[in-house]
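The lines below spell out each chain.
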Amino acid sequence: VRAADAEAHYKLGIALGRSNEFQQAIEELKIARGLDPKNMQVLRTLAAAYEFTNQTDKALAAYRRIIAAATVPALIADARKHYTLIKAKQEAQSGDTAAALKRLKQLRAEQGDDPQVVYYIAVAEMLSNRLEKAIADFKRVLELSPNNRNAYDDLVKIYEQGGDFA
């Protein structure tokens, strides 16, 4: 019965999230997690909800639990990716773009040309005023993910500031 109840709360949490009712979604996911604490997919969804709502400490803790307890390699890799992206974003926002870039480049070496990782690198390079590298990476993001609106917008910002290095 508990697993069925957990599944119902999990599905309700997903539905609420899709309806932009994020706090209610998180509450339902927390109930599902309590009923089925070994279910890593519930924890992954909860981590994503925390991340989406900028509850970074809770997201980081959830991703750490996944990394420590999950047995599915793809889930572990995904949790490591998101954990690293959050940490790099925190570093960049605090002004330590060098640390952010180091962390992100290591992640890129491990996971390849993931468009989200390359995008974060490009942003960190832009914040570091390494505009040529930022432009090259934003262009790489667009090769990997042609509909990435953020990459287009950030390229426009660089070009508007006179960074025409094409």
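We now turn to the structure provided with this report. (Residues numbered from 1 in each chain as written. Predicted model: local features only at pLDDT ≥ 70, side-chain atom pairs only at ≥ 80, totals over all residues. Heavy atoms only, no water.)

Let us now look at the pattern of salt bridges. Opposite charge on two side chains permits them to pair, given that their charged atoms come into close proximity. As enumerated under the stated definition, the model contains 11 salt bridges in all. For the salt bridge of Asp78 with Arg44, the shortest nitrogen-to-oxygen distance reads 2.3 Å. With Asp78 in helix 5 (residues 73-93) and Arg44 in helix 3 (residues 40-52), this pair connects stretches of sequence that are 34 residues apart. Accessibility expressed as a relative area gives 13% for Arg44, which makes it buried. A salt bridge links Asp154 to Lys157; the nearest nitrogen and oxygen atoms lie 3.3 Å apart. With Asp154 and Lys157 both in helix 9 (residues 149-160) and 3 residues apart, this pair spans about one turn of that helix. The class for Asp154 is buried, based on a relative accessible area of 5%. Using a relative accessible area of 43% as the deciding quantity, one classes Lys157 as partly exposed. (Salt bridge = Lys/Arg side-chain N within 4 Å of Asp/Glu carboxyl O. Helix = DSSP H or I, 4+ residues; strand = E, 2+ residues; numbered from the N terminus. Buried < 20%, exposed > 50% of the residue type's maximum accessible area, 1.4 Å probe, protein only.)

Below, the discussion takes up the side chain of Arg44. A distance of 2.3 Å separates the side chain of Arg44 from the side chain of Asp78, its partner in a polar contact. Those residues in contact with Arg44, other than ones at most four positions away along the chain, are Tyr63, Ile66, Leu75, Asp78 and His82. (Polar contact = N/O pair within 3.5 Å; in protein donor to acceptor, adjacent residues only side chain to side chain. Contact = heavy atoms within 4.5 Å.)

What follows is about the side chain of Glu28. The topology assignment puts Glu28 in helix 2 (residues 22-35). Among buried Asp, Glu, Lys and Arg side chains, Glu28 stands out as unpaired, with Lys30 the closest opposite charge at 11 Å. Once you skip the residues sitting within four places of it in the chain, Glu28 turns out to touch His9, Leu12, Gly13 and Leu16. (Lys, Arg positive; Asp, Glu negative; His and termini not counted.)

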